[in-house]
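In case you want the letters, here they are:
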Amino acid sequence: MPATFPDIPVNRITDDPIERKLYSRDLAPVPAILVKPFFRTLPDAVIRPGNAEQVAEVVRQAARQRVPVTPRAAASTSYYNTVPVRGGWVLDVNDLRGGIELDAARQTVRTLPATTWFELDDALQQKGFAVKSYPSSAVSATIGGWVSMQGHGLGSLKYGGVGEQLVSLQVALPDGELRTVTRESDPPLDWFVAAEGTLGVITGVELTVRPRPAAESHHLFAFDDLNALGQSVAWLSRAEPRPFTIFFADSGYLRLLARGGFHIPLDLPPSHFPISEKGLLLASFQGETSEVNRGKDVLTRLPGQELPSDLALEEWNLRLYHLRTKRAGPSLLAAELWLPLDKLGHYLQAVKALAGRSHLLIGTYGLAVAPDMALVMSLYPTDERHTVKYLAAIGFTKWLHDLSARCGGRPYGVGLWNSAYLPRLFSPAQLDELKKRKARLDPTGIMNPGKLYRASFPLWPVTFSLGAAVLGAGHVMLGRERP
Amino acid sequence: MSDQTFFKGLMDESLICAYCGYCRTVCPTYVEVGWESCSPRGRIQLIRLLLAGTPLSAGQMTRLYQCTLCGHCAQVCSTRIDLRQFWLEARAQTVSRELSPQGLATARDNVARTGNVYGYQNDERAGWVEYMDDAPADLYQRDQAEVVYFVGCSSSFSPRAQRIAESFVRVLDAAQVSFTILGEGEVCCGFPLLAAGMHDQAQTLIEHNLERVRMTGARTVVFTCPACRMMWLEEYARHLPGIRLLHATELLAELMAARPLPLKDVNRVVTYHDPCDLARNGGVYDAPRQVLAAIPGLQFVEVHERRERGLCCGGGGDLEMVDPALAQRVAQRTASKLAATGAQVIATACPQCVRTLARGTEQAVPGVEVKDLVELLAEALDI
């Protein structure tokens, strides 16, 4: 047995090699050649604490023994945010689930961190309330996980990111202390938002909720011009009443769905190239009936063609199922981005041009998550069984990130793989501030080391840029669609 | 979510799996076990490792059988994998590599030797009729009938489930249905073998049962066991053109809509548990509720987790043969949720659900009764 803890039953700890292997990956498989020479992704042990005190006990021991600790719940991200890169212990916190306590008068709810967004919303809906926002992976994404990441998704356009909804967090700090943090505490809760588990382990969350909306309405529009689509998303995101969410997608996204065997709501030309200018916009309003009705009035000013309401409802019902596109793979890689809304049309056109030039299938979809900001995913199919082809496809992600950077965009989330983009993500002053927090709270550096603060070789900007440029060029050759 | 699912083979689907973990949150056994290897996405990775030639032990492959085949993972799968098909083929791969659990080999041997998974003499299959005070002289075994009631192993041999068969034949009589049972002419439908990954061994059973049903000239085969019905729909139906294969609740809803039965008040608070193979996997949601709604005096309360989101009782997928303690834990959790509705009676429409939930309530919520819907109907008919 690799570790023992007085208060944690031994059947909650494993060093079984196959079990540990399953904890050494997340959504995006990465070939061993990019991982094994540089990182120790296989944990020495996996520990499943049953409560906050047990979490604190593990962290305390880890600090004492200087063992890296990687917190993990759904592991539904793709940058190795929850995968160890220096061995150590993976802390599987999934048993800290449920414990939902609604305070209807204050419109707040407390919950354990591994409760999923779907579960929390489902529980609240039964009591006449709803979460204010949730990720597009809400079926598996956990409350604590989304707080630890960037926390923007459906509903963020109207209610802000999850960070804005937090009232308090309970955190197991790296010294093993369980502390409740608020906006006024020292350290404040803001430090733990998007910290990716590098400052402690979230063991409890309190956040504001909203009354269950009295009405909702969904409207799907087809566009024949990506610039008009981008401009419409930007305009509607600033309109009043504010939509609950705005989803958009280009024809590449629809092609991926069609290739996967799914029905799509638009007719596309039989040939992929030249790439269609077509796109979709789904606007959803939620709130009081009068507000939703006023929202419908606003939509009359949109230039697109409104599609039948059953198609709009179908798109809404599929809002948590964008990964259906993976059936076009079997593998699918993506660049996930923050993008200024006023450049959305420009970005969509630029992706179209790149795809057209290179004869690549690239699909883009996203959400407006603030009046001036979109969360965008550009996806492309590949096949991890062909290592060379797959490596090249991984490199191509940087091409899309570069393209977005030219439109003022930046990667969404850091983890290990996006640490190569740190200069784009933070100013030097911002990064210094983050490092000071880390040094203060985790002086021994045990909490999720290798993530967020600095790039490790081969992700240094020079080696990464060169490598990705070469590999990406390889994808342009190898990933070419047949006419 | 769309019902559309796909299956392009084990390796392809294991690659298509996005590892998103949607399946994890609804899996009744993962919730109990807690390790990633017992999540559906973890099991998919195990199969991928197996197919790639990684040496895995029978112990490690047991994870594949710590699954009730409840289908909830398939219902939420973000890449729309037909996971039921995936699990069945994965288990067949495990069997072909001699890595399946020992308990299943025993079941296979029992079926081969006796025609039922329990290993009882098959001539005792209709023994439950002989114990009925009011059984007709022909013991419900008629040469020709409009309807064949395929009783299934559980209701033929399990003492608790035999009461379901008794109630159903009484209800059929009350509804004046011309029916027969097959008696010792019936053998296991083959589902336990299919679920074990032993599809080939199920073939002789299928051929035997088909022949017996054809001999009766029946136009309808009716089942109180949803797993038998699923098996017949998937493996027998193509050999029986024009013959309807119905669950008991479907037939009863139809009969009662045509001609109401003389039902007495059942003054109890009742909830309904959707059996996985009848509801989520079988698509029958409304018929049981229509039957319950027709019973006067009955106060019906729905559990929040129902229909497509119904909870598993823990009794499916051969789990009881592989890990009975785990099946019991699942049953206790589900029984507790159902009892939290305030129901005095948990009604369901499956002998296996009745058996496992009855044990679950005994442990978790003593005092709450578990009944098959046909038992409640027999009670309302006072028969």
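Keep in mind the model is a prediction, meaning the values are calculated, not measured.

Caption draft 1: Broad picture of the overall build of chain B. In terms of helices and strands, chain B carries 20 helices and eight strands. Projected onto the principal axes, the alpha-carbon positions of chain B cover approximately 60 × 45 × 35 Å. Put simply, of all contacts in chain B between residues at least 6 apart along the chain, 75% involve residues at least 24 apart. Charge separation in chain B, taken as the distance between the mean sites of 37 positive and 44 negative side-chain charges, equals 6 Å.

Caption draft 2: Spatial organisation of the packing of aromatic side chains. Scanning the entire structure with this criterion turns up 30 aromatic pairs over all chains. Aromatic pair Trp338(A) and Tyr412(A): ring centres 5.2 Å apart, planes at 50°, arrangement tilted. On the criterion of sequence distance, the pair formed by Trp338(A) in strand β16 (residues 331-340) and Tyr412(A) in the loop between β19 (410-411) and α14 (422-425) is long-range, its members being 74 residues apart. As far as burial versus exposure is concerned, Trp338(A) and Tyr412(A) are alike and both buried. Judged by centre distance (5.4 Å) and plane angle (85°), the ring pair of Tyr421(A) and Phe464(A) falls under edge-to-face. One end of the pair, Tyr421(A), is in the loop between β19 and α14; the other, Phe464(A), is in helix α16 (residues 461-478), with 43 residues separating them in the sequence. Residue classification places Phe464(A) among the buried residues on the basis of a relative accessible area of 18%. Taking NZ or CZ as reference, Arg48(A) lies 4.7 Å from the ring centre of Trp35(B), over its face.

Caption draft 3: Examining the pattern of salt bridges more closely. Applying the stated criterion across every chain, the model contains 49 salt bridges over all chains. The salt bridge partner of Glu375(B) is Arg160(B), with a shortest N-O separation of 3.0 Å. Of this pair, Glu375(B) sits in helix α20 (residues 373-381) while Arg160(B) sits in helix α11 (residues 159-174), and the two are 215 residues apart along the sequence. Assessed through its relative accessible area of 9%, Glu375(B) is described here as buried. Accessibility expressed as a relative area gives 16% for Arg160(B), which makes it buried. Between Arg229(B) and Glu250(B) there is a salt bridge, with its nearest N and O atoms 3.1 Å apart. In this pair, Arg229(B) sits in helix α14 (residues 226-236) while Glu250(B) sits in helix α15 (residues 248-258), placing the two residues 21 residues apart along the sequence. By sharing partners, the salt bridges in this structure join Asp103(A), Arg106(A), Arg110(A) and Glu206(A) into a single network.

Caption draft 4: The interface of chain B and chain A, seen in detail. At the interface, 43 residues of chain B touch 47 residues of chain A. Take the side of chain B that touches chain A: its biggest share by element is six residues, from helix α4 (residues 40-51) of chain B. Partitioning the side of chain B that touches chain A into residue classes produces 19 nonpolar, 14 polar and 10 charged.

Conventions and cut-offs
Residues numbered from 1 in each chain as written. Chains lettered and ligands numbered in written order. Predicted model: local features only at pLDDT ≥ 70, side-chain atom pairs only at ≥ 80, totals over all residues. Heavy atoms only, no water. Helix = DSSP H or I, 4+ residues; strand = E, 2+ residues; numbered from the N terminus. Contact = heavy atoms within 4.5 Å. Lys, Arg positive; Asp, Glu negative; His and termini not counted. Charge placed at Lys NZ, Arg CZ, Asp CG, Glu CD. Phe/Tyr/Trp six-rings, centres within 6.5 Å; stacked < 30°, edge-to-face > 60°. Buried < 20%, exposed > 50% of the residue type's maximum accessible area, 1.4 Å probe, protein only. Lys NZ or Arg CZ within 6 Å of the ring centre and 35° of its normal. Salt bridge = Lys/Arg side-chain N within 4 Å of Asp/Glu carboxyl O. Nonpolar A, V, L, I, M, F, W, Y, C, P; charged D, E, K, R; others polar.

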